[in-house]
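Chain and residue survey
Residues per chain, in single letters:
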Amino acid sequence: MGGAHSREDLISDSDEEEYEEESEEEENYQDSKDETPERSSSGRRSKTPSSLDEVEAKLKALKLKYPSANTQNSSLKNAVKLYLHIGGNTPKAKWVTSEKLTSYSFIKTSKINGKDEEGDGEESENEKENEEAWWVLKAGNKIKVKVGVEMQLKTFGDQRRADFVAKGVWAMKFFSDEEYRNFVSKFNSCLFENTYGIESNDANKVKVYGNDFIGWAKPEAADDSIWENAEDALLKSPQSATPVRANQDLREEFEEAANGGIQSLALGALDNSFLVGDSGIQVVKNFAHGIHGKGVYVNFDRGNQSASNLVHSTPKKALLMRAETNMLLMSPMTEGKPHTTGLHQLDIETGKIVTEWKFGKDGTDITMRDITNDSKGAQLDPSGATFLGLDDNRLCRWDMRDRNGMVQNLATTTPVLNWAEGHQFSRGTNFQCFATTGDGSIVVGSLDGKIRLYSTNSMRQAKTAFPGLGSPITHVDVTFDGKWILGTTDTYLILICTLFTDKDGKTKIGFNGRMGNRIAAPRLLKLTPLDSHLAGVNNKFRNAQFSWVTENGKQERHLVATVGKFSVIWNFQQVKNGSHECYHNQEGLKSCYCYKIVLKDDSIVDSRFMHDKFAVTDSPEAPLVIATPLKVSSFSISSRR
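Keep in mind it's a predicted model, so treat the numbers as computed, not measured.

So, about the overall build of the protein chain. A count of helical and extended segments in the protein chain gives nine helices and 42 strands. For the protein chain, long-range pairs separated by at least 24 residues make up 60% of all intrachain contacts whose partners lie at least 6 apart in sequence.

This brings us to helix α4 (residues 202–209). Those residues of α4 not exposed but buried are Asn204, Lys205 and Tyr209. Down the axis of α4, the smallest arc covering the buried residues is 120°, so these residues share one side. Exposed positions of α4 whose direction lies more than 90 degrees from the buried face are Ala203 and Lys207. The secondary structure elements touched by the buried residues of α4 are α3 (177–196) and α5 (214–217). N-capping of α4 is provided by Asn201, with a side-chain oxygen placed 3.2 Å from the backbone N of Ala203.

With that settled, the discussion passes to the state of the cysteines. Throughout this description, disulfide means a covalent bond between two cysteine sulfur atoms. Counted by the stated rule, this structure contains zero disulfides. The structure places no disulfide on Cys594, whose sulfur is separated from the nearest cysteine sulfur, that of Cys582, by 3.4 Å. Judged by its relative accessible area of 12%, Cys594 falls in the buried class.

Within the open sheet, the four strands sit side by side as β15-β16-β17-β18. Their pairing is antiparallel. Across the chains shown, the open sheet's two edge strands, defined by having one partner strand only, are β15 (317–321) and β18 (352–358). Strand after strand, the sheet turns through a mean of 25° between neighbouring axes, direction not considered. Across four bridges, strand β16 (residues 326–330) lies against strand β17 (residues 342–347) in antiparallel orientation. Note that in β17 the partner of Met327 across the bridge is Leu346.

Here we come to the nonpolar core. Ranked by internal contacts, the top residues of the largest apolar core, which has 65 residues, are Phe466, Ile485 and Trp570. If you tally residues by element for this core, the top one is strand β31 (residues 493–497), at five residues. Counting residues in hydrophobic clusters, the runner-up holds 27 residues, among them Leu84, Phe106, Leu137 and Phe164.

Turning to the pattern of salt bridges, a few remarks are in order. Side chains that carry opposite charge are capable of pairing whenever their charged atoms lie near each other. Overall, the coordinates contain 19 salt bridges when judged by the stated rule. A salt bridge links Asp163 to Arg161, with the nearest nitrogen and oxygen atoms 2.7 Å apart. The pair formed by Asp163 and Arg161 is uniform in burial state, with each residue classed as buried. Ionic pairing is found between Glu551 and Lys554, a salt bridge with its closest N-O pair at 3.7 Å. Residue Glu551 is classed as partly exposed on the basis of its relative accessible area, which comes to 45%.

In the structure shown here, the tally under the stated rule is 19 aromatic pairs. Considering the side-chain rings of Tyr104 and Phe106, the 5.8 Å spacing of their centres and the 80° angle between planes classify their relative orientation as edge-to-face. Between the aromatic rings of Trp484 and Phe572, the centroid separation amounts to 5.7 Å while the plane-to-plane angle is 85°, which identifies the pairing as edge-to-face. Within this pair, whereas Trp484 is found in strand β30 (residues 484–488), its partner Phe572 is found in helix α9 (residues 572–576), the two being separated by 88 residues in sequence. As far as burial versus exposure is concerned, Trp484 and Phe572 are alike and both buried.

Non-glycine residue Gln152 carries a positive phi angle of around 55°. Along the polypeptide, Gln152 turns up in the loop between β5 (143–146) and β6 (154–156). On the accessibility criterion, Gln152 (6% relative accessible area) is buried. At Glu324, a residue that is not glycine, the phi angle is positive and equals roughly 65°. We classify Glu324 as buried; its relative accessible area is 7%.

Strands sit in the order β29-β30-β31-β34-β38 across an open sheet of five strands; the sheet is mixed. Two strands lie at the open edges of the sheet, namely β29 (475–478) and β38 (591–592), each paired on one side alone. In this sheet, β38 lies alongside strand β34 (residues 523–525) in parallel orientation, the contact comprising two bridges. Across the sheet, Leu524 pairs through a bridge with Ser591, a residue of β38.

For the rest of this paragraph, the subject is the side chain of His475. With respect to the secondary-structure elements, His475 resides in strand β29. A polar side-chain atom of His475 sits 3.1 Å from the main-chain carbonyl oxygen of Ala544. Once residues lying within four places of it in the same chain are set aside, the contact partners of His475 are Cys433, Leu486, Gly487, Thr488, Asn543 and Ala544.

Averaged over the protein chain, the pLDDT score is 82; the fraction of residues at 70 or greater is 78%. Note that residues 21–53 has pLDDT below 50 and, in this model, 57 contacts with residues that lie over four places away or in other chains.

For the rest of this paragraph, the subject is the pairing of strand β2 (residues 79–86). The element β2 is extensively covered by neighbouring structure, given that eight of its eight residues are classed as buried. Where β2 lies against strand β3 (residues 94–109), seven bridges are found, and the strand directions are antiparallel. Bridge pairing links Leu84 to Val96 in β3. In this structure, β2 lies alongside strand β8 (residues 169–174), joined through six bridges in antiparallel fashion. When the sheet's bridge partners are listed, His85 is paired in β8 with Val169.

Here the focus is the pairing of strand β11 (residues 272–277). The element β11 is largely enclosed, with a buried count of five among its six residues. Of the pairings in the sheet, the one linking strand β10 (residues 262–266) to β11 comprises four bridges and is antiparallel in character. From the neighbouring strand, Leu265 faces β11, where its bridge partner is Leu275. Sheet topology note: the β11/strand β12 (residues 280–287) ladder contains five bridges and is antiparallel. Within β12, the residue paired with Ser273 across the bridge is Val284. A loop of two residues connects β11 with β12, the two strands running antiparallel in sequence.

Each value, and the rule that gives it
- Residues numbered from 1 in each chain as written.
- Predicted model: local features only at pLDDT ≥ 70, side-chain atom pairs only at ≥ 80, totals over all residues.
- Heavy atoms only, no water.
- Helix = DSSP H or I, 4+ residues; strand = E, 2+ residues; numbered from the N terminus.
- Contact = heavy atoms within 4.5 Å.
- Buried < 20%, exposed > 50% of the residue type's maximum accessible area, 1.4 Å probe, protein only.
- Arc of directions from axis to C-beta.
- Polar contact = N/O pair within 3.5 Å; in protein donor to acceptor, adjacent residues only side chain to side chain.
- Disulfide = S-S within 2.5 Å.
- Pairing = 2+ DSSP bridges.
- Axes fitted to C-alpha atoms, helices over the stretch in contact; angles between N-to-C directions.
- Core = buried A, V, L, I, M, F, W, Y, C linked by side-chain atoms within 4.5 Å.
- Salt bridge = Lys/Arg side-chain N within 4 Å of Asp/Glu carboxyl O.
- Phe/Tyr/Trp six-rings, centres within 6.5 Å; stacked < 30°, edge-to-face > 60°.
- pLDDT = per-residue confidence, 0-100.

As structure tokens, this is what we get:
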């Protein structure tokens, strides 16, 4: 297990080793390991002064007539000291001084990777009026990077320091608190303008977020009491008698090779779980310490003729139904795009595809991009015949019975699913993903970053629509009680509390009423710049979700997400704790960097917690299952003694 803070040592001015430009060490980044490297001081020469202050003191004692550092700093605008992290996460990992004294600037340019433009916070004269331009951070002669969330900027107010990714992991240290605050303020302004295409000012922030959500733009003005009240309620809950401790660790229980290239993971809450692969489905057994055992293997080319279509298009989505005796399989029509015109229904007990369904409305074939169960526990209902569907501008419920509630004749050629209820939106909602609560309320994530909440009564009008932070929501999950929402973007996770107090003083959730303006600011879950760099530039966050409960009064305890070869786990209670150390000295939205990492040898397909019923007495959480294309592993959470 790796911890977020473990590779993020304090940068001391005693680290005066200059970075050699010709060294190849900068590019020799290695993948993260489970163990956490410790910085060693045993290799340092005993005669080396312990700090830069000692060196300066000795020079001053000699009364040499050299300009002091303060004199140099005062003559250089936006002066900083620049560090580079080398060695990845190996035992030799360390920060080295790249430039003892340099400066930074924000310039606006359309040539991020081209020749340097002159400018200091002003638009370059060479920019054409109709040419798109972005704010870029330039530091010394080595850094020129577009200001964006991809930089993974992390600030340390107590150290007057900012870390970020720019073809490497860098740190800038500022010489005064004022200079540090000026940088953070300017960076956030440039980020806003690059994200939304408009100047960062109060009026434009209201345009983007709305008056009710201005706390998202100005977190210091947001009502955080909701987070505190929710945390108090959790601690007082009798169902939360087993607290989540910081010293808990993950222990690998099982690892087995799969029969084929795993594409998706369908965890069951009963006896079995399912690994959906290139050519079929492997059935495995559920145990208190994970899933394992090679059971039945169902080939896609068995059964009737329609099943052979699956051979040519591997299912990317598998949905369990009817007490986990049936499975719906969605295969995309075009590689790289999720949309499809139908799905296959697999009878798990017989191992055969029983029919191929078509999506249709008013006699016309339509597409869907995603499907999900009616509610968190709906897959356990033995009589379930309906499920939810989502397309770019559609939200609906499908029924496998005909309009009179009768089971359709599956002998007919490609029966059409019955559009039971829903809505086709005329304007571009650009829906991307959705999930359901325990009572069947629906949360939908969109391309523009908005997250909409729909009650059980209507799919036409969202009760609440949270504004986006500029990044598309690629996956969304919600707790069983509907109080918490977890959205996935490429570079961060966003955790939203839906609790609010209505005008009568009653506490409600955003699925059941309009939240008004007493809305808490969200919290972000991020990788440190170093871990983000180690994960790889093309690896993005995917499929973040809560641990799995299907019972009132039970509380989800962890969050898990996948990025490249990393499975990243957060302690849910710790994230909600406003006094947690991660949030000290932060500006803007609170961001949590306290997580654990499980590293695999191959890119991870999915990471999910098993059902809460599989949590054993000596563990506060059900096992975590991690699937790569060729292997599946199970981890249990144990307390280090």
